[in-house]
Amino acid sequence: MAQQRKVWEADLEEDFQDVDVNLAIGTYGQSDQYDDAQPRIDEATLLAMQQKMVQQAAFAQIPDVVKRFIAHFHQAVLDNNLAEITVAYESGWNRLTEKYYAKTEWPEAEVIAPLVDDDQTFLILYRELYYRHVYSRLSPDIDDRFHSFENSCELFNYLLNSEGPVALELPEQWLWDIIDEFIYQFQSFCVWRSKVKSKTEEELSLLADGSQVWSSYSVLNVLYSLIQKSKINEHLVALQQGKSAEEIVEIVGEYGTRPLYKLLGYFSVIGLLRVHSLLGDFTLALKVMENVELNQKSPFTRVTACHVTTYYYVGFCYIMLRRYPDAIRSFVSILNFILRMRQYHTRSYQYDQINKTADRMYALFAICNALSPTRVDDNISNIVKERYGEQFTKMSRGEEGIPAFEELFLYACPKFIAANPPPYDDAELLQAYVVEPPVEPAQRHLQLFISEVRAQAPVSTLRSFLKLYTSLDAAKLANFLDTDEEDMVQQLMVMKQASRSVSRADNEKGLLDGQTISTSDLDFVINDNMVHIAEATVGRRYAGWFIRNTEHAQRVLDTLRNAPLPIPPKVAPAAAAATAEVNGKAADAPQPAPAQARTGGQKVAWGSVKAA
């Protein structure tokens, strides 16, 4: 073996004896050729190469099932196959998230770009899902917040500024989620931006340069642009006027006839309701909804999350405008809907969010019912007493119930935001902002609400005295209240004002329209020194009580009918022998004459005949 190696080594040396190695391989060590070329590879190119290598490594880490899903999802979007897009969006994405990305990010759009042939439209939609996952499951950093805004701008620019309507079809649920998530990320950014003390130097610098990122103007501009482009308000007015389909097509134009633009415009109206509520302009929030009808035939009812959101914000706006009967009506309507539809939404990925919103509406309903007592559906009342019975009892005690009002309001109100950001671009103003920060939006709205509640605090005590009399001397009533007559008259006027409210009638069109009605079953007049009380008694509603108990009795009867008959216990051998012995002895004794079998009578449950 050693001899063979020497032979081929010798042959190799002979071959290289006549070869100039410098000519063969070049003088790489001595030449300055690559020293001169080295600066030509700039840092950007090197960084791009490194980034490409990282992306290739990340691509290799993607599970095959995820790659197949993304490719299938992309093809469904290309084909505008709504059925396949819906399955991939509502089922596939969530199942893969739970299995592979429950606590980590999905692959970045640049990583999965080769799977979709670098389709920019699909990558924009993919980033929308990517950042939504980051916001809902993880903790977004400042880069995520800025990039999510940039992606939203790209998406809406593509929809609004393309030459003609885009050839894209998306499910209703996804279109609502795009608007809903856009507003949520805006709200989240405003809350995060207002916390100046927790910011790093890098974040302060980025916020100073990016004052227009997630600004109120940019968000409102997008929503109003979608409404204007789709002409959804004109479409709704035409429907209410009974226009024909041809006339509506002529009115709304080429954009308004596309389901994509029509639904985005409609959901933007609901989005404006939410944004104006978050900014504290409750009148304008209801004003933008003037062409939307709150009934079961409205388009927003096809998306449950949109349905619940609409009624929540409409009801809350009514509370802040002191229109408690309208707020109660809104909450009762949607809460009954949720109770009826709960069994159908247990598997929905939004089930938890809907339940949380419903729980907040029960708290708001308790506040409304404490300020304006109304006889409502027993199912809702029972749930409110079960969840917030303690707070509801406290709220009926006047001044003692103020903490209970504060607790429920802060729990159930939206996360209000400030329209103007802190002055990050001015160091002196920012320092003053940190030293004396303004009142938080939630606390400001709480103070306004509690001032109204505190003004009505004496009403419950005064009402309890008036219910005992049909006429009462003013001096005697003042003595009951431990106050003078002048103060007592002021309390009576407060009670009179509290029992009056603007409320919508059945034929009212706009949400702000309405008539002044009495919300109390107790009224009074003051004549000279006498207070005359008139109480309107409302008869108890027995129908619901009988229906519920009849249904309960029917369920009990069905359970008894379906229950199996009892099986007789098995007798042990020793006990059987003893029984046989006793029976043998008894057989020797004289037997009485057998009784005649009963041929008539009522049969009992086990088939025998009932004794007379």
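Residues numbered from 1 in each chain as written. Predicted model: local features only at pLDDT ≥ 70, side-chain atom pairs only at ≥ 80, totals over all residues. Heavy atoms only, no water.

1. Here we look at the overall build of the protein chain
Then, in step 1: Regarding its fold elements, the protein chain presents 28 helices and 5 strands.
Then, in step 2: Relative to all contacts within the protein chain whose residues are 6 or more apart in sequence, the contacts with residues 24 or more apart total 69%.
Then, in step 3: About 36,400 Å² of surface is accessible on the protein chain, with carbon and sulfur atoms providing 53% of the total. (Helix = DSSP H or I, 4+ residues; strand = E, 2+ residues; numbered from the N terminus. Contact = heavy atoms within 4.5 Å. Areas by Shrake-Rupley, 256 points an atom, 1.4 Å probe, with all protein chains shown as cover.)

2. A few points about the packing of helix H8 (residues 120-137) against helix H10 (residues 172-193)
Then, in step 1: Contact geometry of H8 with H10 gives a least axis separation of 11 Å together with a crossing angle of 50°. Here H10 runs oblique to H8, going by the angle between their axes. Of the two possible hands of crossing, H8 and H10 adopt the one that is left-handed. Contacts between H8 and H10 involve Leu125, Glu128, Leu129, Tyr131, Arg132 and Tyr135 from the first element and Trp174, Asp177, Ile178, Glu181, Tyr184, Gln185 and Ser188 from the second. (Axes fitted to C-alpha atoms, helices over the stretch in contact; angles between N-to-C directions. Parallel < 35°, antiparallel > 145°, perpendicular 65-115°, else oblique. Left-handed = near helix turned anticlockwise from the far one by under 90°.)

3. Regarding helix H12 (residues 216-230)
Then, in step 1: Spanning 15 residues, H12 covers 22 Å between terminal C-alpha atoms, matching the ideal 21 Å at 1.5 Å per step.
Then, in step 2: Within H12, burial applies to Ser216, Ser218, Val219, Leu220, Val222, Leu223, Leu226, Ile227 and Ser230.
Then, in step 3: Buried residues along H12 sit in contact with helix H9 (142-161), H10, helix H13 (232-240), helix H14 (245-256) and helix H15 (259-279).
Then, in step 4: Once H12 ends, the next one or two residues include lysine 231, with phi positive near 55°. (Expected span 1.5 Å × (residues − 1). Buried < 20%, exposed > 50% of the residue type's maximum accessible area, 1.4 Å probe, protein only.)

4. Some thoughts on the pattern of salt bridges
Then, in step 1: In the structure shown here, the tally under the stated rule is 12 salt bridges.
Then, in step 2: Measuring nitrogen to oxygen at the nearest pair gives 3.3 Å for the salt bridge that ties glutamate 290 to lysine 287.
Then, in step 3: On the accessibility criterion, glutamate 290 (35% relative accessible area) is partly exposed.
Then, in step 4: Among the salt bridges present, the one from aspartate 326 reaches arginine 329, with a minimum N-O distance of 2.6 Å. Here aspartate 326 and its partner arginine 329 are both found in helix H18 (residues 324-341), 3 residues apart, which amounts to about one turn of the helix.
Then, in step 5: What makes aspartate 326 buried here is its relative accessible area of 1%.
Then, in step 6: Each of Glu128, Arg132 and Asp177 takes part in salt bridges that share partners, so that together they form one network. (Salt bridge = Lys/Arg side-chain N within 4 Å of Asp/Glu carboxyl O.)

5. Considering the sheet that holds strand S4 (residues 522-527)
Then, in step 1: Ordered in space as S1-S5-S4, the 3 strands form an open sheet in which the pairing is antiparallel. At either margin of the open sheet sits one strand with a lone partner, and together these are strand S1 (471-473) and S4. Averaged over all neighbouring strand pairs, the angle between strand axes comes to 25°, with direction disregarded.
Then, in step 2: Here S1 pairs with strand S5 (residues 530-535) via 3 bridges, running antiparallel. (Pairing = 2+ DSSP bridges.)

6. Remarks on the environment of valine 222
Then, in step 1: Summarising the element assignment, valine 222 is placed in helix H12.
Then, in step 2: Judged by relative accessible area, valine 222 falls into the buried class, the value being 15%.
Then, in step 3: Residues valine 222 and asparagine 157 lie 65 residues apart in sequence; the distance between their C-alpha atoms is 9.1 Å.

7. Brief notes about helix H24 (residues 459-466)
Then, in step 1: By the burial criterion, the buried members of H24 are Val459, Leu462 and Leu466. Projection of H24 onto a plane perpendicular to its axis shows the buried side chains occupying an angular sector of 70°, all on one side.
Then, in step 2: Against helix H25 (474-480), helix H26 (485-498), S4 and S5 lie the buried residues of H24. (Arc of directions from axis to C-beta.)

8. Considerations on the side chain of asparagine 151
Then, in step 1: When you line up the elements, asparagine 151 lands in helix H9.
Then, in step 2: Judged by relative accessible area, asparagine 151 falls into the buried class, the value being 4%.
Then, in step 3: What asparagine 151 contacts, discounting residues up to four positions off in sequence, is Ile124, Arg127, Glu128 and Tyr131.

9. What about the packing of helix H19 (residues 351-371) against helix H20 (residues 378-395)?
Then, in step 1: Where H19 meets H20, the axes come as close as 9 Å, and the angle between the chain directions of the two elements is 55°. In this view, H19 runs oblique relative to H20, as classed from their interaxial angle. Where H19 crosses over H20, the handedness of that crossing is right-handed. Residues Asp359, Tyr362, Ala363, Phe365, Ala366, Ile367, Asn369 and Ala370 of H19 form the contact with H20, whose participating residues are Ile380, Ile383, Val384, Arg387, Tyr388, Phe392 and Met395.
Then, in step 2: Broken down by class, the residue content of the contact of H19 with H20 amounts to 12 nonpolar, 1 polar and 2 charged. (Nonpolar A, V, L, I, M, F, W, Y, C, P; charged D, E, K, R; others polar.)

10. Section: the packing of aromatic side chains
Then, in step 1: Inspection of the entire model under this criterion finds 26 aromatic pairs.
Then, in step 2: Ring centres 5.7 Å apart and planes at 35° place the aromatic pair phenylalanine 73 and tryptophan 174 in the tilted group. Residue phenylalanine 73 is found in helix H5 (residues 64-78), and its partner tryptophan 174 is found in helix H10; the two are separated by 101 residues along the sequence. For the pair shown, phenylalanine 73 and tryptophan 174 are each scored as buried. (Phe/Tyr/Trp six-rings, centres within 6.5 Å; stacked < 30°, edge-to-face > 60°.)

11. Comments concerning the pairing of strand S2 (residues 500-503)
Then, in step 1: Burial along S2 is one-sided: the face carrying Ser501 and Ser503 is buried and the face carrying Arg500 and Val502 is not.
Then, in step 2: Strand direction decides the pairing type here: S2 and strand S3 (residues 515-518), joined by 4 bridges, are antiparallel. Across the sheet, serine 503 pairs through a bridge with glutamine 515, a residue of S3.

12. Observations concerning the confidence of the model for the protein chain
Then, in step 1: Residues of the protein chain with pLDDT of at least 70 account for 83%, and the chain-wide mean is 81.
Then, in step 2: In the model, residues 1-39 has pLDDT below 50 throughout and makes 3 contacts with residues more than four positions away in sequence or in other chains.
Then, in step 3: Note on residues 592-612: pLDDT is under 50 here. Beyond four places in sequence and across chains, it has 12 contacts. (pLDDT = per-residue confidence, 0-100.)

13. Section: the environment of isoleucine 248
Then, in step 1: Positionally, isoleucine 248 belongs in helix H14.
Then, in step 2: With relative accessibility at 10%, the residue isoleucine 248 sits in the buried group.
Then, in step 3: For the pair isoleucine 248 and leucine 236, spaced 12 residues apart in sequence, the C-alpha separation works out to 9.4 Å.

14. Concerning the side chain of arginine 132
Then, in step 1: Inspection of the secondary structure puts arginine 132 in helix H8.
Then, in step 2: There is a polar contact of 2.5 Å between the side chain of arginine 132 and the side chain of tyrosine 89.
Then, in step 3: In terms of polar contacts, arginine 132 uses its side chain to reach the side chain of glutamate 128, at 2.8 Å.
Then, in step 4: Not counting chain neighbours up to four residues away, the residues in contact with arginine 132 comprise Tyr89, Trp174, Asp177, Ile178, Glu181 and Gln185. (Polar contact = N/O pair within 3.5 Å; in protein donor to acceptor, adjacent residues only side chain to side chain.)

15. Describing unusual backbone geometry
Then, in step 1: Not every positive phi belongs to a glycine, and asparagine 80 is a case in point at roughly 55°.
Then, in step 2: Inspection of the secondary structure assignment puts asparagine 80 in the loop between H5 and helix H6 (82-100).
Then, in step 3: Of note, the phi angle at lysine 231 is positive, near 55°, even though the residue is not glycine.
Then, in step 4: You can see lysine 231 is positioned in the loop between H12 and H13.
Then, in step 5: Classification of lysine 231 as partly exposed rests on a relative accessible area of 34%.

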